[in-house]
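Analysis of the macromolecular model
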Amino acid sequence: MDEAHKKRIREESVRHGWISIGGLVFWYSFYRVLGVEINYVMLIAGVLVTILFVDVVRVVLWVFKQNM
């Protein structure tokens, strides 16, 4: 692997880390407001949904940017 590829992997790892933390805080707060009993499975599912949502939005924006 060249240095640019390694740098890109590190940047994506950090980005997903911050998205995971943000998703964890969001879903924890959301579940607390709704009064839902919180367990780790629900929080992990919420974090995965958040990461997937952000990645889908990024891909859609990238596709639109390529077509303009």
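Placed above this text is the structure.
Just so we're clear, the structure is a prediction, and the values are computed from it rather than from any experiment.

Cut-offs applied
Residues numbered from 1 in each chain as written. Predicted model: local features only at pLDDT ≥ 70, side-chain atom pairs only at ≥ 80, totals over all residues. Heavy atoms only, no water. Helix = DSSP H or I, 4+ residues; strand = E, 2+ residues; numbered from the N terminus. Rg over C-alpha atoms; globule rule 2.2 N^0.38 Å. Areas by Shrake-Rupley, 256 points an atom, 1.4 Å probe, with all protein chains shown as cover. Salt bridge = Lys/Arg side-chain N within 4 Å of Asp/Glu carboxyl O. Phe/Tyr/Trp six-rings, centres within 6.5 Å; stacked < 30°, edge-to-face > 60°. Buried < 20%, exposed > 50% of the residue type's maximum accessible area, 1.4 Å probe, protein only. Contact = heavy atoms within 4.5 Å. Axes fitted to C-alpha atoms, helices over the stretch in contact; angles between N-to-C directions. Parallel < 35°, antiparallel > 145°, perpendicular 65-115°, else oblique. Left-handed = near helix turned anticlockwise from the far one by under 90°. Nonpolar A, V, L, I, M, F, W, Y, C, P; charged D, E, K, R; others polar.

**Description of the overall build of the chain**
Within the chain, the secondary structure is distributed over 2 helices and 0 strands. Whereas a compact globule of 68 residues would reach a radius of gyration of roughly 11 Å, the chain reaches 16 Å, over 25% beyond that. If one aligns the C-alpha atoms of the chain with their principal axes, the spans along those axes are about 45 × 30 × 15 Å. Counting only carbon and sulfur atoms, one obtains 71% of the accessible surface of the chain, whose full area is about 5800 Å².

**With respect to the pattern of salt bridges**
If charged atoms from side chains of opposite charge come close, those side chains can pair. Under the defined criterion, the tally for this structure stands at 5 salt bridges. The salt bridge involving arginine 10 is made with glutamate 3; its shortest N-O contact spans 3.9 Å. Note that glutamate 12 is salt-bridged to arginine 58, the shortest N-O span being 3.1 Å. You can see glutamate 12 sitting in helix 1 (residues 3-34) and its partner arginine 58 sitting in helix 2 (residues 40-67), a full 46 residues away along the chain. Bridged by salt links that share partners, the residues Arg8, Glu12, Arg15, Asp55 and Arg58 form one connected network.

**Structural notes on the packing of aromatic side chains**
If you walk through the whole model with that rule in mind, you get 5 aromatic pairs. Here the aromatic rings of tryptophan 27 and tyrosine 31 are separated by 5.8 Å at their centres, their planes lie at 35°, and the arrangement is tilted. With tryptophan 27 and tyrosine 31 both in helix 1, this residue pair falls 4 residues apart, about one helical turn. Each of the two residues, tryptophan 27 as well as tyrosine 31, counts as buried. Judged by its relative accessible area of 12%, tyrosine 31 is buried.

**Comments concerning the environment of tyrosine 28**
Within the secondary structure, tyrosine 28 is located in helix 1. For the pair tyrosine 28 and leucine 43, spaced 15 residues apart in sequence, the C-alpha to C-alpha distance is 6.8 Å. Aside from chain neighbours lying at most four places away, what touches tyrosine 28 is Ile38 and Leu43.

**Focus: the packing of helix 1 against helix 2**
The geometry of helix 1 relative to helix 2 is characterised by a closest axis approach of 8 Å and an angle of 130° between their N-to-C directions. Put simply, helix 1 runs oblique to helix 2. Classified by chirality, the crossing of helix 2 by helix 1 is right-handed. Residues Arg8, Glu12, Arg15, His16, Ile19, Ser20, Gly23, Leu24, Trp27, Tyr28 and Tyr31 of helix 1 touch helix 2, and the partners they reach there are Met42, Leu43, Gly46, Val47, Val49, Thr50, Ile51, Val54, Asp55 and Arg58. Here the residues of the contact of helix 1 with helix 2 are counted per class, giving 11 nonpolar, 5 polar and 5 charged.

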